[in-house]
Amino acid sequence: MAQISLTFPDGSARDFEAGITPAEVAESIARSLAKKAISATVNGAHHDLQWPIEADASIAINTMADDAAALELIRHDCAHIMARAVQSIWPDVKVTIGPVIDNGFYYDFDRAEPFTPEDLGEIEKKMKEIINKRDPVTTEIWERDRAVKHYQANNEPYKVELIESIPGDEPLRMYWHGHWQDLCRGPHLQHTGQVPADAFKLMSVAGAYWRGDSDRAMLQRIYGVAFKTREDLKAHLHMLEEAAKRDHRRLGREMSLFHMQEEAPGQIFWHPNGWRIYTTLQDYMRRKQHADGYVEVNTPQVVNRTLWEKSGHWANYQEHMFIVEVDEDHAREKTINALKPMNCPCHVQIYNDGLKSYRDLPLRMAEFGSCNRYEPSGALHGIMRVRGFTQDDAHIFCREDQIEAECAKFIEFLSSVYSDLGFDKFEIMFATRPEKRVGTEESWDKMEAALENAIKLTGHAYTLDPGEGAFYAPKLDFKLTDAIGRVWQCGTFQVDPNLPERLGATYVGEDGAKHRPFMLHRACLGSFERFIGILIENWAGKLPFWLAPRQVVVASIVSDADDYVHAVVDRLTARGVRAEADIRNEKINYKVREHSMGKVPVILACGMNEVADGTVSVRRLGEKQTSVVSLDSVADELAQDALPPDLKHKSH
RNA sequence: GCUGCUGUAGCUCAGAGGUAGAGCACUCCCUUGGUAAGGGAGAGGUCGAGAGUUCAAUUCUCUCCAGCAGCACCA
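Residues numbered from 1 in each chain as written. Chains lettered and ligands numbered in written order. Predicted model: local features only at pLDDT ≥ 70, side-chain atom pairs only at ≥ 80, totals over all residues. Heavy atoms only, no water.

Chemist: Quick rundown of the overall build of chain A? Include the residues and the values.
Modeler: Secondary structure assignment for chain A yields 21 helices and 33 strands. Oriented by its inertia axes, the alpha-carbon framework of chain A measures out at about 90 × 80 × 60 Å. Across the 652 residues in chain A, those meeting the buried criterion constitute 49%. Counting every atom, chain A has about 31,200 Å² of accessible surface; 49% of that belongs to carbon and sulfur. Of note, chain A has its 77 positive side-chain charges centred 3 Å away from the centre of its 99 negative side-chain charges. (Helix = DSSP H or I, 4+ residues; strand = E, 2+ residues; numbered from the N terminus. Buried < 20%, exposed > 50% of the residue type's maximum accessible area, 1.4 Å probe, protein only. Areas by Shrake-Rupley, 256 points an atom, 1.4 Å probe, with all protein chains shown as cover. Lys, Arg positive; Asp, Glu negative; His and termini not counted. Charge placed at Lys NZ, Arg CZ, Asp CG, Glu CD.)

Following this line, the structure appears as structure tokens:
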């Protein structure tokens, strides 16, 4: 037997016979280690204890103390145990795949009847039984024909299809959890009892297409979460509750920001409070863009189909457009229009009106463009994914040699906006030429180099996203991270040589000849609607003072202070602070509770002491402490707080 | 769009084959209270829409609409 040398984490090495398994290695070190072992890391790869090692390697034996390995195995074994439980309750259910995902796992089943919430409880119970059996997990490599025949005989067509899609030179690995068998690349735990029986929970069942293809069968996917300990599970469930409390749909209702109703699906009825956030944000963006050299325009909502035919939207985007047919009696025919789903074709119309010189470039044309897209009903989600929205859209018309500078300028712009809005962390995805594309290699080289150099110029890190560019040019996507670690793609910067071509945009160059400009599509927030949703969830409704729809409530403690309350409100209003009076016949406790729950950042309480001294009692949201301060200094402080960040920077 | 679930008062939800109930919110009265719910009274609903079964439907069935979760989509 050949000898191999295995190197341990402490740097020591020992010789073993080739073909030894990590389980045997662990056994040779200590009995107790062999019992505790769950898997091995061999040459950096996650390795089953039962897989033989044939050559020299580095090896580490993993136990439950190794978080990454432990969680992966627990979740993966949980998926198998769930599938086994399902098949033991309903033997005719067909199994497919069951991978590990963030915090848990899922498994897709084919079953005629839907799983109900009660079914999930029953499955959980069965899973616990299986875990308590401590059935050994075993594995074998099978010949392809044998595996196919096996699954054909067992009426598991999805497994047959899976096998057929695995390349011929890859070994097919089978796993058994007790008598239950599954095709799986592994690794797995040693026995089912290593899965903590009190640290998993089946969460939900939902449809999912077989192989992610909407033309294929709809399967039933059961989602579960699994952890090492019951405490971890409880912490996770608690976190989900906290996340649900930030849900912008819930906060939108509680704070009376907006509502939606079924006569206008996917469109928003903005209430005064919500619209104040919207206009404050829009005013801010307008100032920022103006300061950055943009001109602002506005273009039509309803545009004849002929323009969409020219732009290519009619051919490529029609199913997402609201079509408006106007029956013009006198014309004896219908005029077909579409609500604009994007602003770009209209911006080219403004560009095309009159001759443009190279001296006009770069021309940065911005519009808070209201767009309508007929999104599939299942895609709608609160104000985050809607059918009517407004983009902070702009198109920069420029020469090819200006792309790099414009791109760098935009990255700086976006970085400053995100930081003003409370997002310090964002990521740049650089999407390069896809397989199906138009244009010469030389032009792709230039466009990609321009974007890459621009990023480098700004000193930001970026992630390459190969092959994900548009068919005509590369692009950058900007993803920000919110307060609870979720990632949102909002900003985008897209080079476009295509649309100017289609719509015949030109400029007169230094040589007196006509040239084709490039068009750079760019957005920072994406859509105001979605971005406000993100802001609400990021701040859990407690928006920074300058963005808060209701900034100050001045509350009377006794009604003799009512006149003073009004005077305080007037004083603050004059200083640009959004202040309102609460002189209702309620106790101060009641008022404090209500406005705290309404997420009003500052409550100023006024009783007879304050009236006498010309002071107010200040209570800031989230703080129990109050302080009595002179009205003059509070007015100064709040007036300063109410300034949007761009104006604040100036005044310092 | 697909699969499943849901739709009852402004909100959160209970309910039953015989045309509905709670808490909070709302209105009025009492109370003037010092930092997260003072007390009392009152008003408020075509039970998502349409059709069917039935003596009778908000309840059962079907269709549609909308919402929720996930999938697919996001040129």
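Alright, that's what it looks like, and here's the rest.
Chemist: Mind laying out the sheet that holds strand S18 (residues 323-328), listing which residues take part and the relevant values?
Modeler: Judged by pairing direction, the sheet is antiparallel, and its three strands sit side by side in the order S17-S19-S18 without closing on themselves. Either end of the sheet is taken by a strand with one partner, and the two such strands are strand S17 (302-304) and S18. Across the sheet, the mean angle from the axis of one strand to that of its neighbour is 40 degrees, orientation sign disregarded. As judged from the three bridges shared by S17 and strand S19 (residues 333-339), these two strands associate in the antiparallel manner. Across the sheet, Asn304 pairs through a bridge with Asn337, a residue of S19. (Pairing = 2+ DSSP bridges. Axes fitted to C-alpha atoms, helices over the stretch in contact; angles between N-to-C directions.)

Chemist: I'd like a description of unusual backbone geometry, backed by residues and values.
Modeler: Residue Gly186 is joined to Pro187 through a cis peptide bond whose omega torsion reads -5 degrees. Mapped onto the elements of the fold, Pro187 is located in the loop between strand S11 (180-183) and strand S12 (200-209). Pro362 follows Leu361 through a cis peptide bond whose omega is -5 degrees. Relative to the helices and strands, Pro362 resides in the loop between helix H12 (344-352) and strand S20 (363-372). The phi dihedral of Arg134 is positive, around 50 degrees, even though this residue is not glycine. For Arg134, the position within the fold is in the loop between helix H4 (117-133) and strand S9 (137-142). Judged by its relative accessible area of 53%, Arg134 is exposed. The phi angle at Ser256 is positive, at roughly 50 degrees, despite the residue not being glycine. Relative to the assigned elements, Ser256 resides in the loop between helix H8 (248-254) and strand S14 (258-259). According to the relative accessible area criterion, Ser256 is partly exposed, its value standing at 32%.

Chemist: How would you explain the pattern of salt bridges if you had to name every residue and give the values?
Modeler: Considering all chains together, one arrives at 39 salt bridges under this definition. One salt bridge in this structure joins Arg385 and Glu375, with 2.9 Å as the shortest N-O distance. Here Arg385, found in the loop between S20 and strand S21 (388-398), pairs with Glu375, found in the loop between S20 and S21; they are ten residues apart in sequence, far enough to count as distant. With its nearest N and O atoms 2.8 Å apart, the salt bridge here joins Glu637 to Arg620. Placement of Glu637 in helix H20 (residues 631-641) and of Arg620 in strand S32 (residues 615-620) is noted, with a sequence separation of 17 residues between them. You can call Arg620 partly exposed: its relative accessible area is 24%. Ionic contacts of the salt-bridge type, sharing partners, join the residues Arg433, Arg437, Glu441, Asp445 and Glu448 into one network. (Salt bridge = Lys/Arg side-chain N within 4 Å of Asp/Glu carboxyl O.)

Chemist: Report on H20, specifying residues and quantitative values.
Modeler: A turn of α-helix holds 3.6 residues, and therefore any two residues three or four places apart point the same way. Those residues of H20 lying buried are Leu631, Val634, Ala635, Leu638 and Ala639. End-on, the buried residues of H20 take up no more than an arc of 125 degrees, which puts them together on one face. Looking at the packing, one finds that the buried side of H20 touches strand S29 (552-556), helix H17 (562-574), strand S31 (602-606), S32 and strand S33 (626-630). (Arc of directions from axis to C-beta. Contact = heavy atoms within 4.5 Å.)

Chemist: I'd like a rundown of the environment of Trp210, residues and numbers included.
Modeler: Inspection of the secondary structure puts Trp210 in the loop between S12 and strand S13 (218-226). Residue classification places Trp210 among the buried residues on the basis of a relative accessible area of 3%. The spatial distance from the C-alpha of Trp210 to the C-alpha of Tyr158 is 8.7 Å, given a sequence separation of 52 residues.

Chemist: Pulling in residues and values, what's your account of the protein's contact with RNA strand B?
Modeler: Neighbouring residues of RNA strand B: 48 residues in total, closest Tyr209, Ile557, Asn585, Ser617 and Arg619. Within 4 Å of the protein, the contacting atoms of RNA strand B are 47% sugar and phosphate, with bases supplying the remainder. Between a phosphate oxygen of RNA strand B and a side-chain N or O atom of Ser377, the distance comes to 2.6 Å. The contact in question runs from a base oxygen of RNA strand B to an N or O atom on the backbone of Asn609, over 3.1 Å. Elements with a contribution of two residues or more to the surface near RNA strand B: S12, S13, H8, helix H18 (588-597), helix H19 (608-613) and S32. Its residues assigned to classes, the surface near RNA strand B comprises 21 nonpolar, 17 polar and ten charged. (Near = heavy atom within 4 Å. Polar contact = N/O pair within 3.5 Å; in protein donor to acceptor, adjacent residues only side chain to side chain. Nonpolar A, V, L, I, M, F, W, Y, C, P; charged D, E, K, R; others polar.)

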